[in-house]
Amino acid sequence: ADLRSTTASNRAVEGLTMALCVLLQTKNTEKGTTINRTKVTNIDESEQGKGGFGGDRAEGDDSPEPQILVDACHGLDLLTRASDPLVIDIIISTGALNDLAHYAKGTDNISVSTAMTRVLGNISGAAADSVTMQVAQVAETNGLLSKLGAALVLDGTDSHLPTLKKEVCWLFSNIAASPTGSRILVAKPHGPSIVANLVDLLDQATWHIKREALFVVSNLVMRLPSSGLRLVVDYGAVPPLCAILTLNDADAIAAVLRALRSILQLSVNEFGCEYLRGVVEQSGAVEHLVDLQAHPNEQIYTEALELLEKFLGDEEANVDPVNMDEPNVFQKSAEKASDARITGENQNPNLMV
């Protein structure tokens, strides 16, 4: 990947991608045999069979051994991270895209499913909308969307589960970034349960998973037609979205503000959707938006003020700008953090800075 500028390296990447795709299509001749799962992941016996994961190899399953699948997907993961159209074209033209979705749906191995979901997420996030639609359609046709949706709330002691949930959200957020993909994601029969499980993550998951679920929900709200947007709201997405406005993550707050704008815009644009404003107000949004007038990020401050002025009434819209010379929740938290402030996923989202 570091030698991408040369023609020779292009041919090498092409050959490597082809080889990995062939590995995915290699059939296991020992049908019905039990694969040694300890090479890949240790699945607690009590978790076998839950949510489509756990248990031994299915009778008649001729897919490659789990370790081969995981290793091949790790290679494809590295190759697809670079958003190289050549790599993605090879994966599609060889039929490996269908194999990825097929094996991810059929496997009982969490590590295999995680690795394959990551590659599918890379492809859908890096390619043109037409390829993203192809990923969404293949996942829907294979029944993979239903299985991954159930995995979002899968309980268990397997150490790979949190990573699987993050990768599922990564894939779903990329699919939801286009109008057609968002409609596929919430379509029946799998859609309602996916939305419900995403809202559950927003409400109860640990922050690093909740953050990924947020971007799925935000993309859905911004891309879905009115009926789909109301579905997300009616499943209870607004209260946990508004709660994120109090946390210390500018990107997450910006995603919530974009989602709230879409919801409030629909409340004034379409007859019968006026109740959406009430849902937003009852979720504490007005108070949080007023508090964001003290946010040091000017873009967040401006967006919050616009929402108050345009959608949430004159009383809130006429709030005087906060005097940044006076103590406020953002400044106090910043003082507490001082020089020990950390960034990235290790940052405490409960500190307002």
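Residues numbered from 1 in each chain as written. Predicted model: local features only at pLDDT ≥ 70, side-chain atom pairs only at ≥ 80, totals over all residues. Heavy atoms only, no water.

Along the backbone of the protein there are 19 helices and 0 strands. The proportion of buried residues among the 353 residues of the protein is 50%. Within the protein, contacts between residues at least 6 apart in sequence are counted, and of these 72% link residues at least 24 apart. With an accessible surface of roughly 16200 Å², the protein has 50% of that area assigned to carbon and sulfur atoms. (Helix = DSSP H or I, 4+ residues; strand = E, 2+ residues; numbered from the N terminus. Buried < 20%, exposed > 50% of the residue type's maximum accessible area, 1.4 Å probe, protein only. Contact = heavy atoms within 4.5 Å. Areas by Shrake-Rupley, 256 points an atom, 1.4 Å probe, with all protein chains shown as cover.)

Among the residues making up helix H12 (residues 226-234), those that are buried are Gly228, Leu229, Val232 and Val233. Axial view of H12: buried residues confined to an arc of 140 degrees, hence all on one face. Contacts made by the buried residues of H12 are with helix H10 (191-204), helix H11 (207-223), helix H13 (238-243), helix H14 (250-269) and helix H15 (275-282). (Arc of directions from axis to C-beta.)

Turning to the packing of helix H4 (residues 96-106) against helix H5 (residues 110-126), a few remarks are in order. For any two helices packed against each other, the geometry comes down to the angle between their axes and how far apart the axes lie. The geometry of H4 relative to H5 is characterised by a closest axis approach of 9 Å and an angle of 140 degrees between their N-to-C directions. Seen from above, H4 lies across H5 with left-handed handedness. Of H5, the residues touching H4 (which contributes Leu97, Leu100, Ala101, Tyr103 and Ala104) are Ser113, Met116, Val119, Leu120 and Ile123. Broken down by class, the residue content of the contact of H4 with H5 amounts to 9 nonpolar, 1 polar and no charged. (Axes fitted to C-alpha atoms, helices over the stretch in contact; angles between N-to-C directions. Left-handed = near helix turned anticlockwise from the far one by under 90°. Nonpolar A, V, L, I, M, F, W, Y, C, P; charged D, E, K, R; others polar.)

H5 packs onto helix H2 (residues 66-80) with a crossing angle of 25 degrees between their chain directions and a minimal axis gap of 9 Å. Between H2 and H5, the angle falls in the class roughly parallel. H5 is crossed by H2, and the crossing has left-handed handedness. Here Pro66, Leu69, Val70, Cys73, His74, Leu76, Asp77 and Thr80 of H2 come into contact with H5, specifically with Ser111, Val112, Ala115, Met116, Arg118, Val119, Asn122, Ile123 and Ala126. Its residues placed into classes, the contact of H2 with H5 shows 11 nonpolar, 4 polar and 2 charged. (Parallel < 35°, antiparallel > 145°, perpendicular 65-115°, else oblique.)

Take the side chain of Thr117 next. Note on placement: Thr117 falls in helix H5. Residue Thr117 is classed as buried on the basis of its relative accessible area, which comes to 0%. Setting aside its immediate chain neighbours within four residues, Thr117 contacts Leu148, Leu164, Glu167, Val168 and Leu171.

Right, let's talk about the pattern of salt bridges for a bit. Taken as a whole, this structure holds 9 salt bridges when the rule is applied. Between Arg230 and Glu270 there is a salt bridge, with the nearest N and O atoms lying 3.4 Å from each other. With a gap of 40 residues between them, Arg230 in helix H12 and Glu270 in the loop between H14 and H15 connect regions that are remote in the sequence. One salt bridge in this structure joins Arg261 and Glu306, with 2.9 Å as the shortest N-O distance. Pair noted here: Arg261 is in helix H14 and Glu306 is in helix H17 (residues 298-311), with a separation of 45 residues, a long-range link. Under the relative-accessibility criterion, Arg261 is labelled partly exposed at 22%. Here the salt bridges share partners, and the residues they tie into one network are Asp77, Arg81, Arg118 and Glu167. (Salt bridge = Lys/Arg side-chain N within 4 Å of Asp/Glu carboxyl O.)

This part takes up the state of the cysteines. Inspection of the entire model under this criterion finds 0 disulfides. Its sulfur unpaired, Cys21 is 9.8 Å from the next cysteine sulfur, which belongs to Cys73. (Disulfide = S-S within 2.5 Å.)

With that settled, the discussion passes to the confidence of the model for the protein. Confidence in the prediction of the protein, expressed as mean pLDDT, is 80, and 75% of residues score 70 or more. Here residues 54-60 is modelled with pLDDT under 50, and outside its nearest four sequence neighbours on either side it reaches 25 contacts, counting other chains as well. Low pLDDT, under 50, characterises residues 315-348; the stretch is placed with 35 contacts to residues that sit more than four places away or in other chains. (pLDDT = per-residue confidence, 0-100.)

Attention shifts here to unusual backbone geometry. Look at the link from Lys188 to Pro189: it is a cis peptide, with omega at 5 degrees. Its place among the elements puts Pro189 in the loop between helix H9 (179-186) and H10.

This brings us to the environment of Tyr275. By the secondary structure assignment, Tyr275 is in helix H15. Note on Tyr275: relative accessible area 33%, which makes it partly exposed. Placed 11 residues apart in sequence, Tyr275 and Leu264 show a C-alpha to C-alpha distance of 9.7 Å. Residues within four places of Tyr275 in sequence aside, it is in contact with Arg230 and Asp234.

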